[in-house]
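Structural overview
Chain by chain, the residues:
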Amino acid sequence: MALDMKAIRADFPILSRKVAGGKDLVYLDNAATTQKPQSVIDAMTHYYERSNANVHRAVHTLATEATEQYENARDTLAAWFGTTRDNLIFTSGTTEAINLVAWGWARSNLNAGDAIVITEMEHHADIVPWQLLAEEKGIEIRVVPIDTERDILDMDIFSASLPGSSLVCVVHTSNVLGVANPVADIIAQSHDAGAKVLIDAAQAAPHHRIDFTGMGADFVAISGHKMCGPTGIGCLLATTESIEEMEPFMSGGDMIETVTMEKSTFAKGPQKFEAGTPKIAEAIGFAAAADYLSNFDMDELHGHIRGLAMYTASEIKSVPGITVYGDHSVSEGSGVVSFLHDSVHAEDLARFMDAGGFAMRTGHHCAQPLLNAYGVTSTNRVSFYLYNTMEEAEAFVEHLRYIIGKFG
Amino acid sequence: MALDMKAIRADFPILSRKVAGGKDLVYLDNAATTQKPQSVIDAMTHYYERSNANVHRAVHTLATEATEQYENARDTLAAWFGTTRDNLIFTSGTTEAINLVAWGWARSNLNAGDAIVITEMEHHADIVPWQLLAEEKGIEIRVVPIDTERDILDMDIFSASLPGSSLVCVVHTSNVLGVANPVADIIAQSHDAGAKVLIDAAQAAPHHRIDFTGMGADFVAISGHKMCGPTGIGCLLATTESIEEMEPFMSGGDMIETVTMEKSTFAKGPQKFEAGTPKIAEAIGFAAAADYLSNFDMDELHGHIRGLAMYTASEIKSVPGITVYGDHSVSEGSGVVSFLHDSVHAEDLARFMDAGGFAMRTGHHCAQPLLNAYGVTSTNRVSFYLYNTMEEAEAFVEHLRYIIGKFG
Amino acid sequence: MTWPQALQEAIEQFADVFDPMERYEMLFEWASDVNELPIEEWNDANRIHGCQSQAHVECHMEDGMFYMRGGADAQIVQGLMAITCLAVNGRPPEEVVAIEPTFVDEMGLKASLTPSRSNGFLNMFKRVQDEAGLLTEGA
Amino acid sequence: MTWPQALQEAIEQFADVFDPMERYEMLFEWASDVNELPIEEWNDANRIHGCQSQAHVECHMEDGMFYMRGGADAQIVQGLMAITCLAVNGRPPEEVVAIEPTFVDEMGLKASLTPSRSNGFLNMFKRVQDEAGLLTEGA
Ligand SMILES: Cc1ncc(COP(=O)(O)O)c(C=O)c1O
Ligand SMILES: Cc1ncc(COP(=O)(O)O)c(C=O)c1O
């Protein structure tokens, strides 16, 4: 059954926007953040207009409704991500989720002499926290390089890095190359070596059902805003064992059991890591996003998105002067195409495309080490999502050809 | 000029809600969270429907608009709080703001033997982070008790606690008693003793203009949701000197200058502490809340709110069996009235009031040590805000009398 | 689910009441004469944890059937316990274990439950079912 | 603010153009023959920091008036520098210091500025004004 693109696009109010002096918006910056369907916006508006109250511990009607909606959101998301409410900790996004693992788990469970394995493909969010921790605690960081010929991690070096390591942190799908890593293999090998695994699923969760239980990772970090949800929310999925091993990170209200001026004791489970007034409207909006995506067969969606990326990659590869980064022939991955032209400056190109109504991103994509490996400091990047159409991809390619023809 | 209550109430869609089988909602849980005016809800909806994009570093139209709106929000809020954009760090709320000071400043600037002064009046958010830090680093915590006869901090013990201390953390206005502390004096004395000062302004910012520069504190923590703003956002105001002394807390994208696999360098100013995709819609909504409040004379608003609290406190004091906590004759403070009845269980009372349409809170209000000082484990609490009317206060008192008469 | 006669009557009577204050008063009427656990019998072992109020429950078998008594310092919790007695008392413990606590919904008392899932009525009900489970095994 | 003749003409010409692609082409026409800083003269000292692209600016006095030349690897930045030359060149440095860079707005080119405040055109403009300030003091 083909996707009803007209109906899908009608779900996203922003897509009817005009830009660049009246042109249709063609939004191709989805790896940075996705647009929000009306149902997600409405869920939050409805909460604020009908049920807004602080959650937990209160008995009045609004507080009851707000608590129920907030905790139902946790259930919805836990189910969507293949786990239970006791394994889902709300965070402000992937970045905070990874920091929570670094500060809450690694900091109290790893010591000088321990080793953490990360890769050259990581987003800064999965590099910098480990560097800071390593510096503080004398932990060794082992870096798995990317094989820039084949656009994949060097799995031999990966395997060789494992012995004696305690934690392996790998991005599921690169936000620059759109390439997915062999996470099943990575998790299995890491566990065999006795290491825990953190998967950065910021780019994977929008494209695939994350089955946390089936996947077998110890930690998975996710952002809501990259999968039709609001800004300011995300989650860390963590096994019960790992949660039990974690020490408090942020502290304050809602995460305690008792507080005296001498000593405090802490709540159990996810609550222990959710200090202060929660991101209530955001959690409700995030769950509405999962509900929205649940209308679709994710494999079908992903097929559609990949089709656009593969088409675009193969078309623009043939434009003189253009280099495309990443191998788009593989069926995994996301809807990202990174490229550069050899004479039109990346920033000019982005502005010229913007002048045609095409929103694309330019820069280091918070992955400087990966770009360094390819010998560049920035790329142009288009990234597709469910509401993008083949017509948009074609128009993009056409305008790009025109620009290169004119200014190249 | 009297406040136009009808117009104010019309600004808040939720206030027309019916609860408890058709009764008007009387929302008296404002110290937990306030309701949101239409303009705040609309600002976020508008952002999502028109300009949603990830901010910074991008050149397309939506990203330009989103960045401008997000950074304008910072300007608006900085101006509202009497400071500049370089002194305002966005956080998810007061809790995260205090944790940021604990982890980002205190952790790298204080050592074993240093002392932190806190008070018995603090919210858990301003107790637990210091306990965790103290335990880790061997820092001494000095507790200033509350004088429960006069419902104020024991300022003699406060002064005596200062010598040799490095940081003083005090709540501006208690969320349980509604009492405001003499912050000017506290800041002056602390600075004289060579200590920095953190003010928890979660309950003060909704009621008074916070003039960060004039106030002279080193750090001020604020939540958006308690002052008409959305959930999931707040800020830390910090002096330039303090910001320069801070080490990164959360790390990842957006807070770096350069990242290599060996080492990273960091952005300067607030950005250094704002890792990852920001709370974009939330910041825009928070600024809309400041814009909304700027329609009013805050002193006039506060006078109105205090009037309701003072009326309520004095009326219910005369109900047999009721004890009111906190001195409501003083003109400072917020709109909070905490009380207990000697035979109707606090939770029953809250439900009975809810059955009349009155939303009030019951519990320890995340201030267990303060309640301990009064020898109780929970209180009933009503808290007023700008949209509450004298009719509501009167109806509350009347329903309370009825309940006590019936079940007391 | 079909409820015991007495509970069924209560549910029907509640169904006609729309004002929550009236509902509470009706709850207290129904509660007044059922199976209260006197305060002398409250102890740490029969205390239900995770409630804002103090609540205690005692369960036992009589003639092969399950019976509970409940006591709480909050009147509404006490009332809900009494209604729960109507639902479970005099049944085989295997049945008690399988009951869904939807009667509270049907009586329009849901708003009276403590909102946090980890608290209040559901904790109490789960405790009752756990005890019924133990008594089943014992049988 | 009244602009120099040439800039005023440019602003008027831009005002009639609604398509941003056309506006860029017009920008490049205006830019093509003004005050470019050749790549050989780019160095660390005249580099403008905080731009995504490489940008360099050189300022000097001629007959008591301020003059700048600019060079960038991105064409649009180069174009904006050329327009800036129209705005500032041949003026007394005291005037340059006081100019508000609103001409970019008036030309409808605002969308072409890098969005982050800490970047791009405003950095460049501030650098030009800083240099003008130094040259004032020197005078
Ligand atoms: C005095 C005080 N401090 C801190 C907080 C914590 O604020 P938040 O939960 O918004 O982080 C609150 C709110 O409950 C408060 O009243
Ligand atoms: C692979 C990857 N990891 C982490 C992040 C950080 O996510 P967030 O900014 O939502 O915290 C991103 C998004 O930019 C990403 O693409």
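The structure presented is a predicted model; accordingly, all values stated were derived computationally and were not measured.

Criteria and cut-off values
Within each chain, residue numbers correspond to sequence positions counted from 1 in written order. Chains carry letters from A onward and ligands carry numbers from 1 onward, assigned in written order. Given that the model is predicted, a residue must reach a pLDDT of at least 70 before its local features are reported, and side-chain atom pairs must reach 80 or more before they are shown or counted; all residues, however, enter totals for whole chains, interfaces and linings. For the side-chain quantities, the full set of heavy atoms in the structure was used; hydrogens and water were omitted. Residues count as neighbours in contact if any of their non-hydrogen atoms are within 4.5 Å of one another. A pair of strands is treated as paired once DSSP finds two or more bridges between them. To qualify as a helix, a DSSP run of H or I must reach at least 4 residues; to qualify as a strand, a run of E must reach at least 2; elements of each kind are numbered from the N terminus. Throughout, an axis means a line fitted to C-alpha atoms (over the contacting stretch in the case of helices), and angles, computed between N-to-C directions, take values from 0 to 180 degrees. We define buried area as the total accessible area lost by two parts upon association, computed with a 1.4 Å probe and summed across both. We count a salt bridge whenever a side-chain nitrogen from Lys or Arg sits within 4 Å of a carboxyl oxygen from Asp or Glu. Counting of polar contacts relies on pairs of N or O atoms within 3.5 Å, with two restrictions inside protein: one atom must be capable of donating a hydrogen and the other of accepting it, and residues adjacent in sequence are counted only when both atoms are side-chain atoms. Three residue categories are used. Nonpolar comprises Ala, Val, Leu, Ile, Met, Phe, Trp, Tyr, Cys and Pro, charged comprises Asp, Glu, Lys and Arg, and polar comprises the others, including Gly. We define proximity as follows: a residue is near a molecule or strand when any one of its heavy atoms falls within 4 Å of that partner. In this description, accessible areas are obtained by the Shrake-Rupley approach with a 1.4 Å probe, and a residue is regarded as covered only by the protein chains that are shown. Domains are outlined according to an automatic or database domain assignment. The span one expects for a helix is its residue count, reduced by one, times 1.5 Å. Relative accessible area decides the class of each residue, using a 1.4 Å probe on protein chains only: under 20% of the type maximum gives buried, over 50% gives exposed, and in between gives partly exposed.

**As for the arrangement of the chains**
By number of contacts, the leading pair among the five pairs of chains in contact is chains A and B. The two units chain C and chain D remain apart, with a minimum C-alpha distance of 43 Å.

**Topic: the sheet that holds strand E9 (residues 165-171) of chain A**
All names here are of chain A. In space, the seven strands of this open sheet follow the order E4-E12-E11-E10-E9-E5-E6, with mixed pairing throughout. The open sheet terminates on both sides in strands that have one partner only, identified here as strand E4 (88-91) and strand E6 (140-144). Within this sheet the neighbouring strands show an average axis-to-axis angle of 20°, counted without direction. In the sheet, E4 pairs with strand E12 (residues 234-238) via four bridges, with the strands oriented antiparallel. Paired with Ile89 across the strands is Leu236, a residue of E12. Each of E4, E9, strand E10 (196-200), strand E11 (219-223) and E12 touches helix H4 (residues 94-109); the most contacted strand, E11, lies at about 150° to it.

**Observations regarding the interface of chain A and chain B**
On the chain B side, the residues contacting the 95 residues of chain A number 96 residues. Buried area between chain A and chain B, summed over both chains or domains, comes out near 7400 Å², and the portion from carbon and sulfur atoms is 56%. On the surface where chain A and chain B come into contact, there are six salt bridges. Residue Arg107 of chain B is joined to Glu136 of chain A by a salt bridge in which the shortest nitrogen-to-oxygen separation is 2.5 Å. Viewed at the interface, chain B and chain A are joined by 40 residue pairs in polar contact (both at pLDDT 80 or more). Sort the elements by how many residues they give to the side of chain A that touches chain B and helix H2 (residues 38-51) of chain A lands first, with eight residues. Here the side of chain A that touches chain B is built from residues that sort into 40 nonpolar, 33 polar and 22 charged.

**Quick look at the site of ligand 1**
As a matter of local geometry, ligand 1 sits amid 13 residues, with Thr277 of chain A together with Thr95, Asp200, Ser223 and Lys226 of chain B nearest to it. Chain contributions to the surroundings of ligand 1 come from chains A and B. Note that an oxygen atom of ligand 1 is positioned 2.7 Å from one of the side-chain N or O atoms of Gln203 of chain B. In the environment of ligand 1, an oxygen atom lies 2.6 Å from a nitrogen or oxygen atom belonging to the side chain of Ser223 of chain B. When the free accessible area of ligand 1 is taken as 390 Å², the share hidden by the protein chains comes to 95%. Residues that form the shell around ligand 1 fall into these classes: two nonpolar, nine polar and two charged.

**Some remarks on the domain arrangement of chain A**
Residues and elements named next belong to chain A. Each assigned domain of chain A is listed here: domain 1 (5-28 + 297-407) and domain 2 (41-293). A separation of 28 Å is found between the C-alpha centroids of domain 1 and domain 2. Every contact between the two is made by 33 residues of domain 1 and, on the other side, 30 residues of domain 2. A buried area of about 2500 Å², summed over both sides, lies between domain 1 and domain 2, and 63% of it is on carbon and sulfur atoms.

**A few points about helix H2 (residues 20-32) of chain C**
Taking 1.5 Å per residue, 13 residues should reach 18 Å; H2 of chain C reaches 18 Å between its end C-alpha atoms and fits that length. Along H2 of chain C, the residues that are buried comprise Pro20, Met21, Arg23, Tyr24, Met26, Leu27, Phe28, Trp30 and Ala31 of chain C. Buried residues along H2 of chain C sit in contact with strand E2 (23-24), helix H12 (346-355) and helix H14 (390-407) of chain B together with helix H1 (5-15) and helix H3 (75-88) of chain C. A side-chain oxygen of the first residue of H2 of chain C lies 3.0 Å from the backbone nitrogen of Met21 of chain C; this N-cap is Asp19 of chain C.

**Considering the sheet that holds strand E11 (residues 219-223) of chain B**
Strand pairs in the sheet, formed through backbone hydrogen bonds, run parallel or antiparallel to each other. Residue and element names in this part refer to chain B. Within the open sheet, the seven strands sit side by side as E4-E12-E11-E10-E9-E5-E6. Their pairing is mixed. Each edge of the sheet is formed by a strand with only one pairing partner; in this case those strands are strand E4 (88-91) and strand E6 (140-144). Strand-to-strand, the axes of this sheet are offset by a mean angle of 20°, without reference to chain direction. Pairing between strand E5 (residues 115-119) and E6: five bridges, direction parallel. Bridging from a neighbouring strand, Ile116 pairs with Ile141 of E6.

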